[in-house]
Amino acid sequence: REIRKEEMMEISRMISTVAKDYGITVKACCEESFLSECGMEKASCIDKALIEKICGYGLDLKKDKNQRHGCECYESVDIGAYNTCKNGCIYCYANYSMESVEKNDKRHDPKGELLIGEVQEYEKVILKDVKSNVNKQMKLF
């Protein structure tokens, strides 16, 4: 069943309270703004501020308009692939077939150019024209 707003708020308050006791910040992806009342911050997988902090310089990035409502992510290029990780996290959306994960794991070459397998004869490699997003006008940190 779908969780009710009241239930979501109660669970969020409990999680936030416990996390705060341990000095942990809780963030939620694509959740409703009312969760901020419960101590949760908005999250993003592609977090511009965090990437700038790690890199030590500003970035000219745009919000990713191709994501669902409420997503805080910035534009990026996904280099992952479904059914490739053997960690088995229960919340993971990227694995839906453990049989495929096992098959893909057998095809993995740590020295290869691809995440899984090799480029086949019938496949075409297209180089993507990309530009740097480094903002050379300012130093943030």
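The structure we're discussing is the one just above.
Everything quoted here is computed from the prediction, not taken from an experiment. (Residues numbered from 1 in each chain as written. Predicted model: local features only at pLDDT ≥ 70, side-chain atom pairs only at ≥ 80, totals over all residues. Heavy atoms only, no water.)

S.K.: With reference to specific residues and values, describe the environment of N95.
M.R.: Position of N95 relative to the elements: it lies in the loop between strand 3 (58-59) and helix 3 (98-107). Since its relative accessible area comes to 18%, N95 is described here as buried. Residues contacting N95, with those up to four places away along its chain left out, are Y82, N83, T84, C85 and V101. In this structure the side chain of N95 is engaged in a polar contact, spanning 3.2 Å, whose partner is the backbone nitrogen of N83. Side-chain polar atoms of N95 contact the backbone oxygen of C85, separated by 2.7 Å. (Helix = DSSP H or I, 4+ residues; strand = E, 2+ residues; numbered from the N terminus. Buried < 20%, exposed > 50% of the residue type's maximum accessible area, 1.4 Å probe, protein only. Contact = heavy atoms within 4.5 Å. Polar contact = N/O pair within 3.5 Å; in protein donor to acceptor, adjacent residues only side chain to side chain.)

S.K.: Which residues make up the pattern of salt bridges, and what values do they have?
M.R.: Under the counting rule described, the total for this entry stands at nine salt bridges. The residue K103 makes a salt bridge to E99 at a minimum N-O spacing of 3.4 Å. Of the two residues, K103 and E99 both sit in helix 3, four residues apart, roughly one turn of that helix. Assigned by exposure class, K103 and E99 land together as exposed. Each of R1, R4, E6 and E7 takes part in a single network of salt bridges with overlapping partners. (Salt bridge = Lys/Arg side-chain N within 4 Å of Asp/Glu carboxyl O.)

S.K.: Now, about a nonpolar patch on the surface: what can you tell me, with residues and values included?
M.R.: A surface patch of nonpolar side chains, amounting to about 330 Å² of accessible area, comprises I3, I11, M14 and I15. Along the chain, I3 falls in the segment before helix 1 (5-21). (Patch = residues over 30% accessible without salt bridge, like charges linked within 9 Å, V, L, I, M, F, W, Y side chains within 5 Å. Areas by Shrake-Rupley, 256 points an atom, 1.4 Å probe, with all protein chains shown as cover.)

Function-wise, these values are silent; they only describe arrangement.
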